[in-house]
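Listed below are the residues making up each chain.
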Amino acid sequence: MAKNVVVIGGVACGPKAAARLRRLNAQARITVIEQGEYISYAGCGLPYFVGGDIKEFEHLFATAAGAARNAGYFQKVKDIQFATRTRAESIDRTAKVVHAKNLATGESIEFPYDNLVLATGSRPFRPPVEGLELKGVSFLTKVEDSVFLREEVNESKGGKAVIIGAGLIGLEAAEAFRKKGWQVQIIEMLDQPLGGLMDFEMAKAIDNALFENNVMTAYGEKVVRIEGDENGHCKSVITDEGSYPADVVLVATGFRPNAELAKSAGLEIGPTGGIAVNEHMQTSDPAIYAGGDCVECRHLVTGKPVFVPLGSTANKHGRVIGDNIAGLESRFPGVLGTMVVKVFNMNAGRTGLTEREAAEAGFDPVCSIAPGFDKAHYYPGSALIGLKLIADRKTEKVLGLQAFGGGEVARRVDVAVAAITMGATVEQLAEFDLGYAPPFAQAVDAILNAANVANNKMRGVTRSIMPQRVKQMIEAEEDFILLDVRTPREYEMGHIDAPQTMNLPLGELREKALSALPQDKPIVTMCKISQRGYEAQRTLAGMGFKDVAFMDGGLFVWPYPDDVM
Ligand SMILES: Cc1cc2nc3c(=O)[nH]c(=O)nc-3n(C[C@H](O)[C@H](O)[C@H](O)COP(=O)(O)OP(=O)(O)OC[C@H]3O[C@@H](n4cnc5c(N)ncnc54)[C@H](O)[C@@H]3O)c2cc1C
């Protein structure tokens, strides 16, 4: 007899599981229950619809060939039934029935199943502050939100938008609102954007991109309430430090797994609050699978459960679920928390562990910050990118990568994903046979260079010091020399303004170092991207200077722009 498969949730994981199952099993009866009106839409495209990059509403639902992905399409092309505006209210696991309600008519409906798929997604976190119900206050998680924001934040009106949260959605929305000519103020509780996703000095580059594009930021401030006017419309956002006028407020403070249905059905919930699943995406009830934002995943580096809600993962989950229901055994081993984001002209990405996460997980992290050009430096359009590679001193395995810059960042992140997934050491990463031609990369790609630097550090070939540590040394008025080895002209155009700073160009170092530099003081060499700084460190060490290190990342990654004069 044909299998009866019911899927709850009709956006990413659910339709993917259903479509994969159909490709493998022509007989199964497949029904997808979705409480909303819209199905299988491009949730990740919503900020671009708000900003106008995606012009037409219909494009959010179109296949690459231009067909509209609606219930009729799924029925006709894939023989999959959709019950939209229908909410699954409970699951009777003994009788194997989903009890649901048609939200348009109020009618109760029963959906019997042999296999059930939970793809109920996540919901936005509602910070515990007054005023979230005011007019003009919105989240950006649903199609309806994007339609509201696109209409509200439009060019002809002009106005002030306050975004609460400098995570991925907050940053994408900031760009969308600026495109509409609105003033934008971000309020973030942490001291940096993308907190938890990137280390401070790397995230600072994103903050610079916001600054350059006239987005105002308030870090380390906590929203306490949103105030409204006499018409019940938002008027201002009040934090523990100030007040910000607001015609529109976007709340972008993260997500929580939508696991209540599973929980009330007695399915196991993991420590992160997501539904616990095995590698086959099976819940604690073998007849029920779950995937996408409602489940927790295993982190591939730490082995610990994590909640990382991403469309990339939801689609993979859907495929694995479809396979296993069809009897084709397949596994989803885990995630690295890989993300890429565009913030105005800045691209950024990360995968694996940050330096802080690596230390917290018990590793002894060795980091290299190695800026380089994304293409051959002489090729038109080449741009600098900053890479931070994190490795484990003991095993020498790559643990993580963060990247930012105006150039091609995603490719380097993806190479790091491959290295970490396969358990490569920094030495093995440095040996990767990556493609090279001037329009695509340097002969030694930036990520291979980052691996070489980390390898040098592990082998004691070179010594370096992180920018934050240099800043501490300056502030503590330590007796050392911050040796800027760029040309006098570059130096005059901008250098770290500190009493310890001194300029001696690399080209003059061999000739003048012995007379110009004291042998008994620590020396930190630096340049724009740390290449000449590294060269200077090796030169001075070779001349007998005992305590020399170069500053990781150079001025390009220096996270304190106010110090540069
Ligand atoms: C603005 C935005 C930008 C994003 N950008 C990116 C990006 O660039 N890259 C990336 O990888 N990810 C991105 N994401 C995340 C990505 O969209 C989600 O991870 C993905 O949509 C999760 O898919 P899902 O199927 O698990 O859940 P969802 O897409 O949340 O779908 C779950 C569906 O289940 C329905 N549902 C829940 N409970 C019930 C019930 N009881 N009965 C019936 N229906 C129910 C909900 O109505 C919902 O429609 C972005 C998300 C947003 C909001």
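Up top is the structure these notes are about.
Only a predicted model underlies this, so the values are computations on that prediction, with no experimental measurement involved.

1. Some points on the overall build of the protein
Argument step 1. When helices and strands are counted, the protein shows 17 helices and 31 strands.
Argument step 2. Here the C-alpha coordinates of the protein stretch approximately 90 × 60 × 40 Å along the principal axes.
Argument step 3. Burial status across the protein gives 52% buried among its 565 residues.
Argument step 4. Partitioning the intrachain contacts of the protein with sequence separation of at least 6 by distance along the chain shows that 63% fall at a separation of at least 24.
Argument step 5. On the protein, roughly 24,600 Å² of surface is accessible, and the fraction owed to carbon and sulfur atoms is 51%.
Argument step 6. Seen as two clouds, the 60 positive and the 70 negative side-chain charges of the protein have centres 5 Å apart.

2. A word on the site of the ligand
Argument step 1. In the vicinity of the ligand lie 29 residues, with Cys13, Glu34, Asp293, Leu310 and Gly311 positioned nearest.
Argument step 2. Glutamate 34 places a side-chain nitrogen or oxygen 2.8 Å from an oxygen atom of the ligand.
Argument step 3. Take aspartate 293: an N or O atom from its side chain is 2.8 Å from an oxygen atom of the ligand.
Argument step 4. Calculation on the ligand without its partners gives an accessible area of 1,000 Å², and the protein chains cover 84% of this total.
Argument step 5. Elements that contribute at least two residues to the shell around the ligand include exactly strand 4 (86-92) and helix 8 (311-325).
Argument step 6. Along the lines of polarity and charge, the residues of the shell around the ligand split into 15 nonpolar, 11 polar and three charged.

3. Regarding the packing of helix 1 (residues 13-24) against helix 8
Argument step 1. Viewed as axis vectors pointing N to C, helix 1 and helix 8 meet at an angle of 35 degrees, and their least axial separation amounts to 7 Å. Two packed elements cross with a definite hand, and for helix 1 against helix 8 that hand is right-handed. Contacts from Cys13, Lys16, Ala17, Arg20, Leu21 and Leu24 of helix 1 reach helix 8 at Ala314, Asn315, His317, Gly318, Arg319, Ile321, Gly322, Asp323 and Ile325.
Argument step 2. Residue classes in the contact of helix 1 with helix 8 are distributed as seven nonpolar, four polar and four charged.

4. Focus: the layout of surface pockets
Argument step 1. Counted as a void, the second largest pocket has a volume near 790 Å³.
Argument step 2. Taken together, 31 residues make up the lining of the second largest pocket; nearest its centre are Asn208, Glu212, Leu555, Phe556 and Pro561.
Argument step 3. At the level of secondary structure, the elements contributing two or more residues to the lining of the second largest pocket comprise helix 6 (200-212), strand 12 (215-219), strand 26 (398-405), helix 14 (488-493) and helix 17 (554-557).
Argument step 4. A total of eight residues in the lining of the second largest pocket trace back to one element, the largest contributor, which is helix 6.
Argument step 5. When its residues are assigned to classes, the lining of the second largest pocket shows 17 nonpolar, six polar and eight charged.

Reading guide: rules and limits
- Residues numbered from 1 in each chain as written.
- Predicted model: local features only at pLDDT ≥ 70, side-chain atom pairs only at ≥ 80, totals over all residues.
- Heavy atoms only, no water.
- Helix = DSSP H or I, 4+ residues; strand = E, 2+ residues; numbered from the N terminus.
- Buried < 20%, exposed > 50% of the residue type's maximum accessible area, 1.4 Å probe, protein only.
- Contact = heavy atoms within 4.5 Å.
- Areas by Shrake-Rupley, 256 points an atom, 1.4 Å probe, with all protein chains shown as cover.
- Lys, Arg positive; Asp, Glu negative; His and termini not counted.
- Charge placed at Lys NZ, Arg CZ, Asp CG, Glu CD.
- Near = heavy atom within 4 Å.
- Polar contact = N/O pair within 3.5 Å; in protein donor to acceptor, adjacent residues only side chain to side chain.
- Nonpolar A, V, L, I, M, F, W, Y, C, P; charged D, E, K, R; others polar.
- Axes fitted to C-alpha atoms, helices over the stretch in contact; angles between N-to-C directions.
- Left-handed = near helix turned anticlockwise from the far one by under 90°.
- 1 Å grid on protein atoms, 1.4 Å probe; cavity = no way out; pocket = protein on both sides within 12 Å on 5 of 7 lines; lining within 4 Å.
- Points joined across faces, edges and corners; volume = space filled by probe spheres on them.

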